[in-house]
Amino acid sequence: MTSEEGLFVTFEGIDGSGKSTQARLLAEALIAAGHDPLLTREPGGSPGAEEIRRLLVEGPPERWSAETEILLFTAARRDHLEKTIAPALAAGKIVISDRFVDSTRVYQGAVRGALRAMVDELHCRMIGREADITLVIDMQADAALSRGLARRSGEDRFEDFGGAFQQRLRQGFLDLAAEFPARCHVVEGARPVQDVARQVWSILERSA
Ligand code: ADP
Ligand code: TYD
């Protein structure tokens, strides 16, 4: 399943859709199959990016404009790429990231302002790497929101934008999957955890 350059797998979708759960299960399944995957997340995934994460996910929704968020998420991603993702891929590992640039394309680029061109331009100049395989976990926004808020993580700044926002995000991720059909796979998230995990595994077997 690994090429010389490793394999970069990302999970995307709205808050509470089950990305973190599925990313962890995929890492466990890969370990059981004899691989040595690296499981990471955004915003975060390196010490510097985890510091930036706190600025982004805590506090009131109006704390940052969409433009400032793009800069902060891209700064965090650059550090994540330099310190965590690129070295692991260079070592031939499978890297699984819970969110990556598609989240910026949808949250900041499509939903919170017509800033998609700016997201893509910054991504091209500062990051320059797309995932090889992207699993878009899809489900109804209100059900995902109540799953996410039930966690009471204290990191609910984006959940606090509300249900209509989450509904637009859901559509944004589906549009994005249609835009990048070669790497994006839409997975129905409102099913038992193990059923979703089986589908994720079979997509990986087919695509890697
Ligand atoms: P995300 O990373 O997309 O925000 P999580 O994986 O953290 O989502 O899941 C959000 C909540 O929903 C957690 O409490 C998790 O245990 C639960 N959950 C995840 N997947 C499922 C599922 N398929 N069915 C029911 N509950 C789930
Ligand atoms: P995350 O911890 O993945 O939240 P959740 O587990 O609830 O899905 O991400 C924190 C929030 O940051 C989430 O609401 C989505 C948002 N986000 C963006 O707006 N843009 C981005 O580029 C990324 C990576 C995340």
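Our subject is the structure that appears above.
Residues numbered from 1 in each chain as written. Chains lettered and ligands numbered in written order. Predicted model: local features only at pLDDT ≥ 70, side-chain atom pairs only at ≥ 80, totals over all residues. Heavy atoms only, no water.

## With respect to the environment of Arg 170
Right, on to step 1. Mapped onto the fold, Arg 170 is located in helix H7 (residues 163-179).
Right, on to step 2. For the pair Arg 170 and Ala 144, spaced 26 residues apart in the sequence, the C-alpha separation amounts to 10 Å. (Helix = DSSP H or I, 4+ residues; strand = E, 2+ residues; numbered from the N terminus.)

## Describing the side chain of Asp 15
Right, on to step 1. You can see Asp 15 is positioned in the loop between strand S1 (7-12) and helix H1 (19-32).
Right, on to step 2. Engagement of the side chain of Asp 15 in a polar contact is seen with the side chain of Arg 99, the distance being 3.3 Å.
Right, on to step 3. At 2.9 Å, the side chain of Asp 15 and the side chain of Tyr 107 are in polar contact. (Polar contact = N/O pair within 3.5 Å; in protein donor to acceptor, adjacent residues only side chain to side chain.)

## So, the state of the cysteines
Right, on to step 1. For the coordinates displayed, the defined rule picks out zero disulfides.
Right, on to step 2. The closest cysteine sulfur to the non-disulfide-bonded Cys 124 is located on Cys 184, 18 Å from its own sulfur.
Right, on to step 3. The class of Cys 124 is exposed, set by a relative accessible area of 61%.
Right, on to step 4. Residue Cys 184 is classed as buried on the basis of its relative accessible area, which comes to 8%. (Disulfide = S-S within 2.5 Å. Buried < 20%, exposed > 50% of the residue type's maximum accessible area, 1.4 Å probe, protein only.)

## Focus: the packing of helix H4 (residues 101-111) against H7
Right, on to step 1. Relative orientation of the contacting elements H4 and H7 amounts to 125°, with a least axis distance of 9 Å. It follows from the interaxial angle that H4 and H7 lie oblique. You can see that H4 and H7 cross each other, and the crossing is right-handed. In this structure, H4 uses Asp 102, Ser 103, Arg 105, Val 106, Tyr 107 and Val 111 to contact H7, whose residues at the interface are Phe 165, Arg 168, Leu 169, Gly 172, Phe 173 and Leu 176.
Right, on to step 2. Counted by class, the contact of H4 with H7 contains seven nonpolar, two polar and three charged residues. (Axes fitted to C-alpha atoms, helices over the stretch in contact; angles between N-to-C directions. Parallel < 35°, antiparallel > 145°, perpendicular 65-115°, else oblique. Left-handed = near helix turned anticlockwise from the far one by under 90°. Contact = heavy atoms within 4.5 Å. Nonpolar A, V, L, I, M, F, W, Y, C, P; charged D, E, K, R; others polar.)

## A few points about the sheet that holds S1
Right, on to step 1. Within the open sheet, the five strands sit side by side as S2-S3-S1-S4-S5. Their pairing is parallel. Unpaired on one side and paired on the other, strand S2 (38-41) and strand S5 (184-188) mark the two borders of the sheet. The sheet shows a mean angle of 20° between the axes of neighbouring strands, direction not considered.
Right, on to step 2. Where S1 and strand S3 (residues 94-98) come together, five bridges link them in parallel fashion. Paired with Phe 11 across the strands is Asp 98, a residue of S3.
Right, on to step 3. Helix H3 (residues 66-90) rests against S1, S2 and S3 of the sheet, and its axis sits at about 155° to S2. (Pairing = 2+ DSSP bridges.)

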